[in-house]
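In case you want the letters, here they are:
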Amino acid sequence: MKQWDIFCRVIDNFGDIGVCWRLACGLAAREQSVRLWVDDASALAWMAPKGCAGVQVMVWQPDAPMPQDERPGDVVIEAFGCEIDPSWIAIKSIANCADNITGKSQTGFKKPVWINLEYLSAEPYAERTHGLRSPVMSGSAQGMEKWFYYPGFRAGTGGLIREADVQTQAMTAASAERRISLFCYEPSALAQLLGQLACGQKPSQLIVMQGRAQAAVKAGVLRKNGLSPLWNLRSMLFIQEQSLLPQPHYDALLKSCDLNFVRGEDSLVRAIWAGQAFVWQIYLQDDGAHAAKLEAFLDWLEAPPDLREFHLVWNGLSQAQLPAMDLPAWSACVKTARARLLAQSDLVTQLLDFVEEKRNLAIR
């Protein structure tokens, strides 16, 4: 069993801590001891109200020195570009070196394996740079090294977080209406979607997640009412507000729906594992890099033309109208992509092997 330290800085959404919590729990399930250091753990109150055996949540103040009574574990992970005090990483190496000099340790020592866990991408650079070494050339940690770890969709990357029961299907009763979950930012095409569902030939239950999605839907409904108070005259669209759910309950919700609108990184991966049709709203980047990232993902997904166009409109990359939904074809596409991923090794398995390899290299 190894001691893992995972560092997570919460910026403005739940994706970072969501991924880090799943990773921590996945490692704990493999009999690893994990400390999750996070600057804002408030989301865990609803995301993981029961906690997880083997995972200890630690308060992290990024701009303050690390607690003097805590030393780094066998593995230190900086998630998604967060940076920790390098002098803290160097503590263990210095202490172990001193032990060697004094004769307290005769078998050598192993420096912590220091990993940069990067954002998920289907772009080719993820394969090119996964596993690359980054030596520390200056400062208190000079002589140590970091390793880039890229999650990904293809062989040659670090894989995706996947639980053993990921293919277990939620039990759902047959229904004449479509169940659609909505977890989004503020897509400009949202009013279009509401109108399309209201004019559909089949009733739709739109389950809207708490937060930005609910605020966006309320604004969209106001807009539709402003255009025509009778926009949902046939009552084909039913809107249900849903409070934020613990991760297992959210995963079950995705499996129970006919279509899932997801956002960011964590819910995208869960939508893939759910095996149902989905539409992804990618996180907007000021430099426009999200466009290429989305296109690369749609290429990997082998998305049919209408699903690709729906994504482009939903993400504001096309000014066309939302195409009609072909949920059977979209769902078949997702299931085929999921089968490709299930044939690959999952992220936690690969990460454990990766760390073992690097720790063996670290013997001095």
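These numbers were taken from a predicted model, which means no experiment stands behind them. (Residues numbered from 1 in each chain as written. Predicted model: local features only at pLDDT ≥ 70, side-chain atom pairs only at ≥ 80, totals over all residues. Heavy atoms only, no water.)

Draft legend 1. View of the pattern of salt bridges. Inspection of every chain in the model, using the stated rule, returns 18 salt bridges. Here Arg22 and Asp251 are joined by a salt bridge, their closest N and O atoms 3.0 Å apart. Here Arg22, found in helix H1 (residues 15-29), pairs with Asp251, found in helix H7 (residues 247-256); they are 229 residues apart in sequence, far enough to count as distant. Accessibility expressed as a relative area gives 6% for Arg22, which makes it buried. Given a relative accessible area of 14%, Asp251 falls into the buried group. The salt bridge partner of Arg35 is Glu70, with a shortest N-O separation of 2.6 Å. In this pair, Arg35 sits in strand E2 (residues 33-38) while Glu70 sits in the loop between strand E3 (55-59) and strand E4 (75-79), placing the two residues 35 residues apart along the sequence. Each of Arg22, Glu163, Asp251, Asp266 and Arg270 takes part in one network of salt bridges that share partners. (Salt bridge = Lys/Arg side-chain N within 4 Å of Asp/Glu carboxyl O. Helix = DSSP H or I, 4+ residues; strand = E, 2+ residues; numbered from the N terminus. Buried < 20%, exposed > 50% of the residue type's maximum accessible area, 1.4 Å probe, protein only.)

Draft legend 2. Region of interest: the nonpolar core. Phe153, Phe261, Phe278, Phe297 and Trp314 are the most contacted members of the largest nonpolar core, which has 64 residues in total. Not counting residues up to four positions away in its chain, the partners in contact with Phe278 are Leu259, Asn260, Val262, Leu268, Ala271, Ile272, Phe297, Leu301, Leu307, His311 and Val334. Core analysis: the next-biggest nonpolar cluster, separate from the first, contains 36 residues, Ile17, Ile161, Leu347 and Leu351 among them. (Core = buried A, V, L, I, M, F, W, Y, C linked by side-chain atoms within 4.5 Å. Contact = heavy atoms within 4.5 Å.)

Draft legend 3. Quick peek at the sheet that holds strand E12 (residues 277-281). Sheet architecture is open: 5 strands sit in the order E10-E9-E8-E11-E12, paired in parallel fashion. Strands at the two margins of the open sheet, each flanked by one partner only, are strand E10 (237-242) and E12. With direction set aside, neighbouring strand axes in the sheet form an average angle of 15°. The sheet contact formed by strand E11 (residues 259-263) and E12 spans 5 bridges and is parallel. Counterpart to Phe261 in the pairing with E12 is Val279. The sheet strands contacting helix H8 (residues 266-274) are E11 and E12, and the helix crosses E11 at an angle near 155°. (Pairing = 2+ DSSP bridges. Axes fitted to C-alpha atoms, helices over the stretch in contact; angles between N-to-C directions.)

Draft legend 4. Representation of the packing of helix H9 (residues 289-301) against helix H10 (residues 305-314) in the model. One way to put it is that H9 packs onto H10 with a least axis distance of 11 Å and a crossing angle of 160°. Here H9 lies roughly antiparallel to H10, going by the angle between them. The element H9 and its partner H10 pack so that their crossing is right-handed. The segment H9 lies against H10, with Leu294, Glu295, Leu298, Asp299 and Leu301 engaging Leu307, Arg308, His311 and Leu312. Grouping the amino acids of the contact of H9 with H10 by side-chain chemistry returns 5 nonpolar, 1 polar and 3 charged. (Parallel < 35°, antiparallel > 145°, perpendicular 65-115°, else oblique. Left-handed = near helix turned anticlockwise from the far one by under 90°. Nonpolar A, V, L, I, M, F, W, Y, C, P; charged D, E, K, R; others polar.)

Draft legend 5. Region of the structure containing the side chain of Gln281. Looking at the secondary structure, you find Gln281 in strand E12. On the basis of relative accessibility, which here comes to 7%, the residue Gln281 falls in the buried class. Contacts of Gln281, omitting those with residues within four sequence positions, involve Cys184, Tyr185, Glu186, Pro187, Val262, Arg263, Gly264, Trp314 and Asn315.

Draft legend 6. View of the environment of Asp69. Within the fold, Asp69 resides in the loop between E3 and E4. Here Asp69 falls in the exposed class, since its relative accessible area comes to 66%. Taking C-alpha positions, Asp69 is 39 Å from Ser243, a pair spaced 174 residues apart along the chain.

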